[in-house]
Amino acid sequence: LIYRTHIIHVRRTNDRKAEELENTVSGEINSDTIIQKCSLTIQQVLEKSLVIYKETMVGLMDEDRRKLRSAKTESNALNVSTKRLKHHISPTLSNLKDDSVESGHYYVQAIDYLREINHCISFIVTPCYEHVDNNHKPLLPVQTDELARLSGEISILYNDSMRMLQEKNFEDFDLIVERQQNIQRIIEETRKKQIKRIKSSETGTRNSILYLNILSEIKNLSLFVVNLLKSSRDFELTARTGEEKSE
């Protein structure tokens with residue numbers, strides 16, 4: 001309950017900050033304002049996508065149709081939000097100063113990665129919901145354990161990335177890359193185990209399709225989170241360099 005209350009508080013705080021920032025923007029948008037908007041937006045989307053991902057995994061493991069339906073609804077809402085960000089790129093860039101072109105490039109990259117992250121979440125949520133909603137056989141205990149391990153690694157990756165964005169300190173970026181590479185290795189190992197189960201007829205076709213799809217999307221998700229963090233880092237560094245030159 002305390003954790004849930006904290007998450008709600010953080011979410012409301014971020015929403016309020018975003019609204020306040022939006023209200024202060026008028027006329028030309030400078031690099032500093034864009035940095036703040038981009039950072040807040042990224043944190044919000046990452047936070048929401050992680051919540052949806054966790055909710056989906058728990059719903060799948062517990063065969064909780066209601067929880068999965070809720071995750072699917074939240075995923076659709078997040079898709080609308082990120083699509084709106086994508087549609088507002090042109091107006092935002094048209095108001096940038098001439099010396100902020102490079103910064104604008106990284107801003108576009110960041111928004112693109114936000115969209116890709118949301119697509120990964122959607123490609124995980126929808127099949128999981130349909131699997132349970134159609135009363136297909138549940139995951140094997142060993143599959144549940146494997147996904148739980150991966151979910152723990154994904155949570156750490158997300159949390160470390162959000163911490164860097166909040167603190168605007170990217171000195172440990174290489175550690176994030178190493179963590180993402182470790183997730184890739186775990187996924188490869190898990191995929192091989194699933195292939196062995198398929199060959200020994202331990203799992204059915206629907207189970208295998210769902211499971212391999214989840215592994216594939218988790219792999220993509222981890223990659224896009226790191227790419228998003230890299231674009232955010234380059235965006236802030238480029239913007240700061242541009243401001244220093246203009247002074």
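Calculation rules
Residues numbered from 1 in each chain as written. Predicted model: local features only at pLDDT ≥ 70, side-chain atom pairs only at ≥ 80, totals over all residues. Heavy atoms only, no water. Helix = DSSP H or I, 4+ residues; strand = E, 2+ residues; numbered from the N terminus. Buried < 20%, exposed > 50% of the residue type's maximum accessible area, 1.4 Å probe, protein only. Contact = heavy atoms within 4.5 Å. Areas by Shrake-Rupley, 256 points an atom, 1.4 Å probe, with all protein chains shown as cover. Patch = residues over 30% accessible without salt bridge, like charges linked within 9 Å, V, L, I, M, F, W, Y side chains within 5 Å. Salt bridge = Lys/Arg side-chain N within 4 Å of Asp/Glu carboxyl O. Lys, Arg positive; Asp, Glu negative; His and termini not counted. Charge placed at Lys NZ, Arg CZ, Asp CG, Glu CD. Phe/Tyr/Trp six-rings, centres within 6.5 Å; stacked < 30°, edge-to-face > 60°. Lys NZ or Arg CZ within 6 Å of the ring centre and 35° of its normal. Core = buried A, V, L, I, M, F, W, Y, C linked by side-chain atoms within 4.5 Å.

J.: Please explain the overall build of the protein chain as it appears in this structure.
T.: Helix and strand counts for the protein chain stand at 8 helices and 0 strands. Reading the secondary structure of the protein chain in the N-to-C direction produces α-α-α-α-α-α-α-α. Here the protein chain holds 247 residues, and the buried ones make up 43% of them. For the protein chain, restricting intrachain contacts to residue pairs at least 6 apart in sequence, the fraction spanning at least 24 positions comes to 81%. Taken as a whole, the protein chain presents about 13200 Å² of accessible surface, with 49% of it coming from carbon and sulfur.

J.: In this structure, what is going on with a positive patch on the surface? I would like to understand it.
T.: A cluster of basic residues, Arg-149, Lys-192, Lys-193 and Lys-196, forms a positive patch at the surface. Take the positive patch: its biggest share by element is 3 residues, from helix 7 (residues 173-199). Turning to its location among the elements, Arg-149 is positioned in helix 6 (residues 141-167). Relative accessible area serves as the criterion here: at 46%, Arg-149 is assigned to the partly exposed category.

J.: Sorry if this is basic, but what is going on with the packing of aromatic side chains here?
T.: In this description, a pair of aromatic rings is defined by centroid distance and the angle of the planes. Inspection of every chain in the model, using the stated rule, returns 1 aromatic pair. Judged by centre distance (6.2 Å) and plane angle (35°), the rings of Tyr-113 and Phe-224 are tilted. Taken together, the residues span a long stretch of sequence, with Tyr-113 in helix 5 (residues 101-133) and Phe-224 in helix 8 (residues 205-246) at a distance of 111 residues. A cation over a ring is seen here: Arg-233 above Phe-173, with NZ or CZ 4.5 Å from the ring centre.

J.: Sorry, what's going on with the environment of Gly-59 here?
T.: Secondary-structure assignment places Gly-59 in helix 2 (residues 31-62). On a C-alpha basis, the gap between Gly-59 and Arg-69 in space is 8.9 Å, while along the polypeptide they are 10 residues apart. Those residues in contact with Gly-59 that sit more than four places away from it in its chain are Asp-64, Lys-67 and Leu-68.

J.: What's the story with the nonpolar core in this structure? I'm lost.
T.: Where a protein is soluble and globular, its nonpolar side chains tend to be buried together. Within the largest apolar cluster, 53 residues are counted, with the highest numbers of intra-cluster contacts made by Leu-46, Leu-147, Tyr-158 and Ile-218. When contributions to this core are tallied by element, the ones reaching two or more residues are helix 2, helix 3 (65-87), helix 5, helix 6, helix 7 and helix 8. The element contributing the most residues to this core is helix 5, with 13 residues. Apart from the residues within four sequence positions on either side, Leu-46 is in contact with Ile-117, Tyr-158, Met-162, Leu-165, Val-225 and Leu-228.

J.: Would you mind going over the side chain of Gln-43 with me for this structure?
T.: With respect to the secondary-structure elements, Gln-43 resides in helix 2. Classification of Gln-43 by relative accessible area gives buried; the value is 8%. Those residues in contact with Gln-43 that sit more than four places away from it in its chain are Met-162, Leu-165 and Gln-166.

J.: For this particular structure, what's the right way to read a negative patch on the surface?
T.: Taken together, Glu-171, Asp-172, Asp-174 and Glu-178 make up a surface patch of like negative charges. Structurally, Glu-171 is set in the loop between helix 6 and helix 7. For Glu-171, a relative accessible area of 70% puts it in the exposed group.

This is a description of form; function is not addressed.
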